[in-house]
Amino acid sequence: MFIENIRLKNFRNHADSYLECGDKANIILGDNGEGKTNLLEAVSYISLTKSFYASNDSVIVNIGETIFQIEANMVSDNGIKTKIHIGYDLTTGEKVYSINNRRIEKFSSVIGKFPIVFLSPENSNITFGGPAERRKFLDLVLSQSNQTYFEDLSEYRKVVRHRNKILNDAKFHKNDPIALLEPWNEQLIRFGSRIMVRRRNFVNEFQEYIFSAYKKLVDLREVPSMEYEPSFKTGNSEKDEMVFENFKTEIDRKYKEELRLGSTLVGPHRDEISFKINGLELRKFASQGQHKTFFVALKIGEFFYLKERCRENPILLLDDVFSELDDNRAQQMLLLIENLNQTFITSTNFDIFDKVLSFGEKNKKVIVRNGKIAIS
Ligand SMILES: Nc1ncnc2c1ncn2[C@@H]1O[C@H](COP(=O)(O)OP(=O)(O)O)[C@@H](O)[C@H]1O
Ligand SMILES: [Mg+2]
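Residue indices follow the written sequence of each chain, beginning from 1 at its first position. Throughout, the order in which chains and ligands are written sets their labels, letters from A for the former and numbers from 1 for the latter. Local features in this predicted model are restricted to residues of pLDDT 70 or higher, and side-chain atom pairs are both shown and tallied only at a pLDDT of 80 or more, whereas totals for entire chains, interfaces and linings draw on every residue. Working from all heavy atoms in the structure, the side-chain values ignore hydrogens and water.

Colleague: What is the right way to read the environment of Ser 109 from this model?
Modeller: Counting through the fold element by element, Ser 109 comes out in the loop between strand S7 (102–103) and strand S8 (116–119). When accessible area is computed with a 1.4 Å probe and restricted to protein chains, residues below 20% of their type maximum are described as buried, those above 50% as exposed, and intermediate ones as partly exposed. Classification of Ser 109 as partly exposed rests on a relative accessible area of 24%. A sequence separation of 59 residues divides Ser 109 from Lys 50, and the C-alpha atoms of the two residues are 13 Å apart. In terms of polar contacts, Ser 109 uses its side chain to reach the backbone carbonyl oxygen of Lys 106, at 2.7 Å. Strands are runs of DSSP state E lasting at least two residues, helices are runs of H or I lasting at least four, and both sets are numbered from the N terminus onward. Here a polar contact means two N or O atoms within 3.5 Å. Within protein one must be a hydrogen donor candidate and the other an acceptor candidate, and residues neighboring in sequence count only if both atoms are side-chain atoms.

Colleague: Which parts of the structure should I look at to understand the nonpolar core?
Modeller: Where a protein is soluble and globular, its nonpolar side chains tend to be buried together. Think of a nonpolar core as a cluster: buried Ala, Val, Leu, Ile, Met, Phe, Trp, Tyr and Cys residues, connected wherever their side-chain atoms sit within 4.5 Å. By size, the foremost hydrophobic cluster in this structure holds 64 residues, and its most contacted members are Phe 202, Phe 206, Met 226, Leu 318 and Phe 322. It is helix H5 (residues 178–217) that provides the largest number of residues to this core, a total of 13 residues. The contacts of Phe 206, once residues within four sequence positions are left out, are Phe 137, Met 226, Leu 298, Gly 301, Glu 302 and Tyr 305. Among the nonpolar cores identified, the runner-up in size contains 38 residues, and Leu 8, Phe 11, Tyr 88 and Phe 344 belong to it. Contacts: residue pairs with any heavy atoms within 4.5 Å of one another.

Colleague: Before we go on, may I ask you to explain the sheet that holds strand S2 (residues 14–20) in this structure?
Modeller: Here, any two strands with at least 2 DSSP bridges between them count as paired. With antiparallel pairing, the six strands of this open sheet are ordered in space as S2-S1-S4-S5-S6-S7. On the outer flanks of this sheet lie S2 and S7, each paired with one strand and no other. Two elements, strand S4 (residues 67–75) and strand S5 (residues 81–89), share nine bridges in a ladder whose sense is antiparallel. Of the residues in S5, the one forming a bridge with Ile 70 is Ile 86. To get an axis, fit a line to the C-alpha atoms, keeping to the stretch in contact for a helix; angles then go from 0 to 180 degrees between the N-to-C directions. The sheet contacts of helix H1 (residues 36–48) involve strand S1 (2–11), S2, S4, S5 and strand S6 (94–99), and relative to S1 the element is tilted by about 110°.

Colleague: Honestly, the packing of H5 against helix H6 (residues 240–253) in this entry has me stumped. Any pointers?
Modeller: Two measures define how a pair of helices packs: the angle their axes make with one another and the distance between the axes. Where H5 contacts H6, the two axes come as close as 9 Å, and the packing angle between them is 135°. Comparing the axis directions of H5 and H6 gives the class oblique. The crossing of H5 and H6 is right-handed. Residues Asn 185, Leu 188, Ile 189, Arg 190, Gly 192, Ser 193, Met 196, Val 197 and Arg 200 of H5 lie in contact with H6, whose contacting residues are Asp 240, Val 243, Phe 244, Phe 247, Lys 248 and Ile 251. Here roughly perpendicular refers to angles of 65 to 115 degrees, roughly parallel to angles under 35, roughly antiparallel to angles over 145, and oblique to all remaining angles. Put simply, a crossing is left-handed when the front helix is turned counterclockwise from the back one by less than a right angle, and right-handed when it is turned clockwise.

Colleague: Honestly, the site of ligand 1 in this entry has me stumped. Any pointers?
Modeller: Near is defined per residue: the residue qualifies when any heavy atom it owns lies within 4 Å of the molecule or strand. In the neighbourhood of ligand 1, 15 residues make up the surrounding shell, with Gly 33, Lys 36, Thr 37, Asn 38 and Val 59 lying closest. Here Gly 33 contributes a backbone N or O atom positioned 2.7 Å from an oxygen atom of ligand 1. Between a nitrogen atom of ligand 1 and a main-chain N or O atom of Val 61, the distance comes to 2.9 Å. Isolated, ligand 1 exposes 580 Å² of accessible area, and the fraction of that covered by the protein chains is 70%. Three classes are used, and their members are as follows: Ala, Val, Leu, Ile, Met, Phe, Trp, Tyr, Cys and Pro are nonpolar, Asp, Glu, Lys and Arg are charged, and the others, Gly among them, are polar. Split into classes, the residues belonging to the shell around ligand 1 amount to four nonpolar, seven polar and four charged. Only the protein chains shown count as cover for residues, and the accessible areas themselves come from Shrake-Rupley with a 1.4 Å probe.

Structure (C-alpha cells):
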C-alpha cells in the first residue's frame, strides 16, 4: 500500500496543502512548529480514522475555520486504486469517512485496510515506560490486524467506565452495588477474556518477529523475548475457557478491594507485557542502546506482522526519529527501511538524507514552512 497523493484542507496549520508522494522515502524537512508532524497525523486519519496524538477531532480544525478535510489516493500492493475522503465539521461534530465516494458507516471496518507503523521518540516509552505504554502498543497492532479485537476493546473500555462509576458511587454512598454490577461483570468477563486470549496468542506469535528483526540489528548473543503477564493467573492450561473461568473467580475474590478503592482491578486493562533480553527484564537491566535496538526491532516486527495479517505493506511514519541518531546510525536505519515500503520521515536535519538517498520519482524531499509544502 502507498499514498499517491494527499491533500489537507484546514487541517491544523495546513490551510491547503497538496503532496504528490514518492512511493519510497518521503523526507519532510522543516524547522520546529512548521507543520511536519501534522502531515503524518493526517495519514493516521486515513489509517485509523483518527489522530494518533489528539483524542479530540475538534482541535485539528484550523483555528478560525469550521471544517477540515483530507483527500488521498491510495494504491494497494496489487495496484488497486482507492480514493479516500475524510471530513469533520466542528459545528455539528460530525465526521465522515468515504472510500471511492461511498460513505463508511462503521469506522471499525476501515482499520487494518491501510495499515501504518508509526515511530517517534515519544513512543520509545514502549520499552522505558509503564505497562500502559506496552498495552497501547499491543492494542494498536492487534486492532489493525484484527477487527474483532478492535471492537471488543471499544466495548470493554465502555464496560470498565460503567463499572468504575458504579463502584465509585457505591464507595461514596457506602452501599453494596452487587446487583447493579451483575450485568456489567458478565460483559467485563466476556469482552475481557476475549481480549486476553488474543493478547496471549499475539505475544506467542510475535516472538519470532522480534527475534528476526533483532538479529538484523545486532548479533545474536542477545536474545530478545516477550512475556504476557495478565492481572491474574490464567492457569497453566492453554485452554481459552480457563481465562474465562479464572476471570470469574478473580472478580469475586477482588470484590471487597474493588469496593474499597472504587475501581475495576481485574482484567486486561491491568495487563503487563514484559520485554526481556537474555531473560532479564529490559526495563530494569537494559542499556540505552539495548532499549533503542529493542524498540526498533518491535517496530520492524510490527511492520512484518501487519504485512502478513493485513496482506498489505504498511506505510511507515517516522516522526523526528533521525534528529536523535548520530550520522552512522541514521544511515544504517535509512538503508534498513528504504526497501520496506513507502515511508514518511520528518526531520529538522537537512543534511543526513542526501548522503544515502537519491531523490527523484521514488524518493521525494519537501520543505514545510508555516503550514505550506514546498518541493525542495
Ligand atoms: N488547529 C490548529 N490550527 C492552526 N494551527 C495549529 C492547529 N493545531 C496546531 N497548529 C500549529 O501547528 C504547528 C505544529 O505543527 P507540527 O506539525 O507539530 O510541527 P513540526 O513541524 O514541529 O512537526 C504549531 O505551529 C501549532 O500552532
Ligand atoms: Mg513534529
